[in-house]
Amino acid sequence: MKKKTWLLTLLTILMIMTTACAGGSGGSGNAGGEVNLDDVEAASMDLKNDTTPIKIQYWHSHAEAQLEGLNYMIAEFQKKYPHITVEPVFQGGYPDLHKKLSAAVAAGDVPAVTNVEVSSLPNFADSGVFADLGPWIKRDEVKMDDFAQGMLNAYAFNGKQYGFPLIVSTSVFVYNKTMLDELGVEPPQKWDEIEAFNAKVVKKEGDKTTRYAFSVPGWDTWYYDPWNINGGGQILTEDMSASAVENEDSLRYLQNFYKWQNEGSMHMGFGKGASDNMRQMFLNGEIAMVQHTSAMLKMYRENADFEVGVSFLPGDKKRTSNIGGAGIVMMNGAKDLEKEAAWKFIEFMTSAEHNIKWAESVGYLPTRKSAIESEEGDQYFERWPQYRAVYEHFDEVTPRLQHPAYPEFSEVYKEVIGEMVLNKKDPVPLMQEAAKKINDILMDYE
């Protein structure tokens, strides 16, 4: 593909230079470009039982609250593989991590294994930065159907598995169960239940809303892309060659948002401080139900003076919620022995054996069906009954739109939401204009 994104602007010339300089990192593996799967499979067979001492770096964006769990997992890994030393290197948030990865590839000095934020995987994978895990998966007969299919698909691209889900979240409705029980209402499960829910929950003083029925974050397209899809719409056409955000079904959710916002039923935040404001309004009882990442459930439980419930997003023509968080991938430019160590680390970090403990320690979702269905899984749900709402829809947690330009063109229609929220503008004509800008961006992709 031809691209103008930040990643390829940096890489297209420098990766060629890196490859020309005898592999950059000095190993026998490729330093960039296409992977020869036959060579990888042959090398990995030879190296599977190699116990030569080796040290690899794991670049990550794990927040401080996740470090205890990460350190535990690395210690357990090194008990199993004493010849492999894993050095965790915090590289900041996802944007910083991604920029440092692209610079490392250009310099020919990459870590063996890294996090990647889910929506950025297609751009990196399409550029040859990540190694296809297919040969290792086949060699070690990994039970891929043990992963939730949507979570697994989020780390695949063009038919190749580039990574595994590691810290997985999805957006859910977190609700004030105490309040809703007192009102005698349940969270809406379908779009056609929302109006009745609003009528029973909303409180007003004159024209001013003092209690909103629900809130949808406007600051990230991750939160409202599923509304588009659930309404029967699309972000791009089926062949991904043109915008579809302006299509009739794609506008249904926006028309509802505009109506609910104007009548004072729905709260929507946008811009600096919007997330903190939404959270505090919910904890104050000013919003009955907030759409937020499942990774925030612990925060809500610890800070609410009421019982907290969780509900899956309401459906219409479809019912889905998108995957958030990050996966774990192998860098294509690592040396062969580093790749083998990286594969062992990837497999260990995402194994069913440690899935529940890891997920609970970092506040994200388990990803393995066998772990969820185990005795340990039953105990997990006793501690976190709110997550049952997610696992009742386990295979309806799906990837975000997988297109290398998604991080770029999604900003275009996010601006439409901003205009609606901040300036009360009708989003329909704005989205029709946004479609033209999206198509201009797509023209840079063959």
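The structure contained in this document is the topic of the report that follows. For every chain, the first residue of its written sequence is number 1, and the numbers climb from 1 along that sequence. Side-chain atom pairs in this predicted model are given and counted only at pLDDT of 80 or more, local residue features only at pLDDT of at least 70, and totals for whole chains, interfaces and linings cover all residues. The basis for the side-chain values is all heavy atoms of the structure; hydrogens and waters are excluded.

1. Points about the packing of aromatic side chains
Logical step 1: Two rings from Phe, Tyr or Trp (for Trp, the six-membered ring) form a pair when their centres sit within 6.5 Å of each other. Planes less than 30 degrees apart are called stacked, planes more than 60 degrees apart edge-to-face, and all others tilted. Scanning the entire structure with this criterion turns up 26 aromatic pairs.
Logical step 2: With centroids separated by 6.4 Å and ring planes inclined at 70°, the aromatic side chains of Trp227 and Trp260 adopt a geometry described as edge-to-face. Linking Trp227 in helix H10 (residues 221-230) with Trp260 in helix H11 (residues 252-262), this pair joins segments that are 33 residues apart in sequence. Each member of the pair, Trp227 as well as Trp260, is classed as buried. Runs of H or I in DSSP of at least four residues are treated as helices and runs of E of at least two as strands, each being numbered from the N terminus. Burial here depends on accessible area, computed with a 1.4 Å probe over protein chains only, as a share of the maximum for the residue type. Under 20% is buried, over 50% is exposed, and the range in between is partly exposed.

2. A closer look at helix H9 (residues 194-201)
Given 3.6 residues per helical turn, the α-helix brings residues three or four places apart onto the same face.
Logical step 1: For H9, every residue scored as buried is listed here: Ile194, Phe197, Asn198 and Val201. All buried residues of H9 project into a common sector of 100° when viewed along the axis, lining one side. Along H9, exposed side chains directed more than 90 degrees from the buried face belong to Ala199 and Lys200. Think of it as the arc spanned by the lines of direction from the helix axis to the C-beta atoms.

3. Thoughts on the nonpolar core
Logical step 1: The definition of a nonpolar core used throughout is a set of buried Ala, Val, Leu, Ile, Met, Phe, Trp, Tyr and Cys residues joined through side-chain atoms within 4.5 Å. In terms of nonpolar packing, the biggest core is built from 55 residues, with Leu121, Phe130, Tyr300, Tyr387 and Tyr391 touching the most fellow members.
Logical step 2: How far each domain reaches was decided by an automatic or database domain assignment. There are two domains that each give this core at least three residues, and those are domain 1 (45-169 + 323-393) and domain 2 (170-322 + 400-444).
Logical step 3: In what follows, residue pairs with any heavy atoms lying within 4.5 Å of each other are defined as contacts. Excluding its chain neighbours within four sequence positions, the residues that come into contact with Tyr391 are Leu365, Pro366, Ile372 and Phe381.
Logical step 4: Within the second largest apolar cluster, 46 residues are counted, among which are Phe197, Leu236, Leu442 and Tyr445.

4. Points about the pattern of salt bridges
Logical step 1: Basic side-chain nitrogens of Lys or Arg form a salt bridge, by our definition, when they fall within 4 Å of a carboxyl oxygen of Asp or Glu. By the definition in use, this model includes 20 salt bridges.
Logical step 2: Residue Lys177 is joined to Asp181 by a salt bridge in which the shortest nitrogen-to-oxygen separation is 2.8 Å. Here Lys177 and its partner Asp181 are both found in helix H8 (residues 177-183), four residues apart, which amounts to about one turn of the helix.
Logical step 3: Of the residues examined, Lys177 reaches a relative accessible area of 25% and is grouped as partly exposed.
Logical step 4: When its relative accessible area of 43% is taken as the criterion, Asp181 is described as partly exposed.
Logical step 5: When salt bridges with common partners are traced through the structure, they connect Lys48, Arg139, Asp140, Glu340 and Lys344 into a single cluster.

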